[in-house]
Amino acid sequence: MMKRLIDKLEKYHQLTKDEYISLIENRNPEISRYLFEKSRNIRELHYGKKVFIRGLIEFTNYCKNDCYYCGIRRSNKNTSRYRLTKEQILDCCKEGYRLGFRTFVLQGGEDSHYNDQVIIDIIKGIKSLYPDCAVTLSIGERSYESYKAYYDAGADRYLLRHETADPIHYKRLHPPSLSLESRKQCLNYLKEIGYQVGSGFMVGSPGQTSEILAEDLLYLQEFRPHMVGIGPFIPHHDTPFFAEPGGTAELTLYIVGLVRLMLPSVLLPATTAIGTIDPVGREKAILAGANVLMPNLSPREVRDKYMLYDNKISTGDEAAECTHSIIESMKLIGYQVVIDRGDFKGDENIIQEVSNV
Ligand code: 5AD
């Protein structure tokens, strides 16, 4: 029965809410294996054994928001705050380019110090030095005009997780100043402007039910983002959710597999969060259909300050200096890290099966 639902998702790329709930609630190791075999095959049909890498530059941990789950929320007085200058950011790109990165992701808290002019100046700086690279922004909710101005300045992609598609659950995770409605509005603007857009959510956030997860999947099914970031919720000791249980790698991987069947050519990262709760979580995510890794390119001195959750891996494999070990760990599971912008290609771009041997 569950296998039939997975076959249906593979064939039609869509299911009803009840079908998603059923797939989530009735999952077991055998169903997971069945799902991952399919999600892996689809991923290979579109991207072969390639793994795209993005250099993540966490350029500010100041944030005006106060999300209950996040370690860099405004109310956390125990975080030591930092901002990177344009020059520091360009230094990260220089090192990143040398290491083979062709996408730079500028991620930060919602920090008004970086107004439109400052952001545009940084985008133009990167684009003029590295015209062959993609710039991805991940700086939260801004106006249509700002998004448009960054796009016109050369930004290619934008990551803005919807966090949860259930309005009541959204309220449970965020202070009253934030709403699902404005989140979705921003995502619609970004798509309309022409960005490759990334959305996504945490698995196992406090109060999340399978019904809520099904709503998240339905939202993705309808919005059809180019990228989807999915990671487990991990409690941070200085947040209101300090005592809440975290999400599991098992359910996170299962959701990753479902998303691959729903959006066959989506860019799907094996997230840092899944690598944090399971030492081989990212390898498992790749084998469940993920095709992107986002190692940290931030300067060493600030890495332990961008703590969204406890124990976030910040030295070792995820550090960009260690691209070598990332390359090796991917090789060990049969995949190949490539030097490529790794753009979204759409469903028509399916890699041809070897036909003329
Ligand atoms: N656990 C897991 N992920 C988190 N994020 C923020 N805080 C946490 C946490 N405690 C995620 C959010 C955000 C992204 C940058 O990091 O989904 O969009």
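No experiment lies behind these values; they were computed from the predicted model shown. Residue numbers restart at each chain and count upward from 1, following the sequence in its written direction. Note on the predicted model: pLDDT of at least 70 is required for a residue's local features to be given, and 80 or more for side-chain atom pairs to be given and counted; whole-chain, interface and lining totals, by contrast, use all residues. Only heavy atoms go into the side-chain values, all of them from the structure, while hydrogens and water stay out.

Help me get a handle on the overall build of the protein, residues and values and all.
For the protein, the helix and strand inventory stands at 14 helices and nine strands. Radius of gyration (C-alpha) of the protein: 19 Å, near the 21 Å computed for a compact globule of 357 residues. The principal-axis extents of the C-alpha atoms in the protein amount to approximately 55 × 50 × 40 Å. Accessibility here uses a 1.4 Å probe with only protein chains present; expressed as a share of the type maximum, an area under 20% marks a residue as buried, one over 50% as exposed, and anything in between as partly exposed. Taking all 357 residues of the protein together, the buried fraction comes to 59%. Restricting to contacts in the protein with at least 6 residues of sequence separation, those with at least 24 account for 76%. Exposure was quantified through the Shrake-Rupley algorithm and a 1.4 Å probe, taking into account, for residues, occlusion by the shown protein chains and nothing else. Summed over its atoms, the accessible surface of the protein is roughly 15,000 Å², and 52% of this surface lies on carbon and sulfur atoms. Here the protein contributes 45 positively and 47 negatively charged side chains, and the mean placements of these two sets differ by 2 Å. Helix numbers and strand numbers start at the N terminus; a helix is a DSSP run of H or I with at least 4 residues, a strand a run of E with at least 2. A radius of gyration in this sense is built from C-alpha atoms; the matching globule rule multiplies 2.2 Å by the number of residues raised to 0.38. The criterion used for residue contact is that any of the two residues' heavy atoms lie within 4.5 Å. Residues counted as positive are Lys and Arg, residues counted as negative are Asp and Glu, and His and the chain ends are not counted. Taken as the charge centre is NZ of Lys, CZ of Arg, CG of Asp or CD of Glu, depending on the residue.

Before we move on, could you go through the site of the ligand and cite the residues and values that matter?
Residues are labelled near a given molecule or strand when at least one of their non-hydrogen atoms is within 4 Å of it. If you check the shell around the ligand, you find Tyr69, Cys70, Arg161, Glu163, Met202, Pro232, Phe233, Ile234, Leu308 and Tyr309 and nothing else. Contacts described as polar in this section are N or O atom pairs within 3.5 Å, which, within protein, must combine one atom able to donate a hydrogen with one able to accept it, while residues neighboring in sequence count only if both atoms come from side chains. In this structure, a nitrogen atom belonging to the ligand sits 2.7 Å away from a main-chain N or O atom of Ile234. About the coverage of the ligand: the protein hides 88% of its 410 Å² of free accessible area. In this classification, the charged set is Asp, Glu, Lys and Arg, the nonpolar set is Ala, Val, Leu, Ile, Met, Phe, Trp, Tyr, Cys and Pro, and all remaining amino acids, among them Gly, are polar. Split by residue class, the shell around the ligand holds eight nonpolar, no polar and two charged.

Which residues make up the sheet that holds strand E9 (residues 336-338), and what are the values?
Each strand in a sheet pairs with another by means of backbone hydrogen bonds, the pair being arranged parallel or else antiparallel. An order of E8-E1-E9 is seen for the three strands of this open sheet, with the pairing classed as parallel. Edge positions in the sheet fall to strand E8 (292-293) and E9, since each has one partner strand and no second. In this analysis, strands are considered paired if DSSP registers two or more bridges between them. Pairing analysis gives two bridges linking strand E1 (residues 50-53) to E8, with the strands arranged parallel. By the bridge assignment, Ile53 is partnered in E8 with Leu293. As a rule, the C-alpha atoms of each element are fitted with a line to give its axis, helices using only the stretch in contact, and angles between N-to-C directions run from 0 to 180 degrees. Its contacts with the sheet place helix H14 (residues 323-332) against E1, E8 and E9, and it is angled at close to 135 degrees to E9.

If you had to explain the state of the cysteines to someone new, which residues and values would you point to?
Working definition: a disulfide is two cysteine sulfur atoms within 2.5 Å of each other. A complete count under the given rule lists zero disulfides for this structure. Residue Cys67 stays outside any disulfide, its sulfur separated by 6.2 Å from that of Cys70, the closest cysteine. Cys93 supplies the cysteine sulfur nearest to Cys92, a cysteine that is in no disulfide, at a spacing of 6.6 Å.

Describe the nonpolar core, and please don't skip the residues or the numbers.
Nonpolar cores are built from buried Ala, Val, Leu, Ile, Met, Phe, Trp, Tyr and Cys residues. Side-chain atoms within 4.5 Å join them into one set. Ile57, Ile126, Leu137, Tyr150, Tyr195, Ile255 and Val259 are the most contacted members of the largest nonpolar core, which has 98 residues in total. With 10 residues, the single largest contributor to this core is helix H10 (residues 249-262). Contacts of Val259, omitting those with residues within four sequence positions, involve Leu217, Leu220, Val228, Ile230, Val266 and Leu268. Within the second largest apolar cluster, 10 residues are counted, among which are Phe52, Val105, Met227 and Val292.

Could you give an account of the pattern of salt bridges, with specific residues and numbers?
Put simply, a salt bridge is a Lys or Arg side-chain nitrogen that is within 4 Å of an Asp or Glu carboxyl oxygen. Tallying each qualifying case throughout the model produces 25 salt bridges. Across the pair Glu215 and Lys17 runs a salt bridge whose closest N-O atoms are separated by 3.4 Å. Here Lys17 lies in helix H2 (residues 17-25) and Glu215 lies in helix H9 (residues 210-223), a separation of 198 residues in the sequence. Judged by its relative accessible area of 17%, Glu215 is buried. Via salt bridges that share partners, Lys127, Asp156, Arg157, Arg341 and Asp343 belong to a single interconnected network.

So what about the packing of aromatic side chains? Which residues, and what values?
Here a pair means two rings of Phe, Tyr or Trp (six-membered ring of Trp) with centres within 6.5 Å. Their orientation is stacked below 30 degrees between planes, edge-to-face above 60, and tilted elsewhere. Per the stated rule, a full pass over the model turns up 11 aromatic pairs. Ring centres of Tyr68 and Phe241 lie 6.1 Å apart, and the angle between their planes is 80 degrees; on these two criteria the pair is classed as edge-to-face. In this pair, Tyr68 sits in the loop between strand E2 (55-60) and helix H4 (86-99) while Phe241 sits in the loop between strand E7 (227-232) and H10, placing the two residues 173 residues apart along the sequence. By relative accessible area, Phe241 is classed as buried at 7%. Grouping aromatic residues by their ring pairs yields a cluster made of Tyr147, Tyr151, Tyr158 and Tyr195. A cation over a ring is seen here: Arg27 above Tyr254, with NZ or CZ 5.9 Å from the ring centre. Note on criteria: charge over ring means Lys NZ or Arg CZ within 6 Å of the ring centre, with the direction from the centre no more than 35 degrees off the ring normal. Between Lys191 and the ring centre of Phe223, over which it is positioned, the NZ or CZ distance is 4.6 Å.

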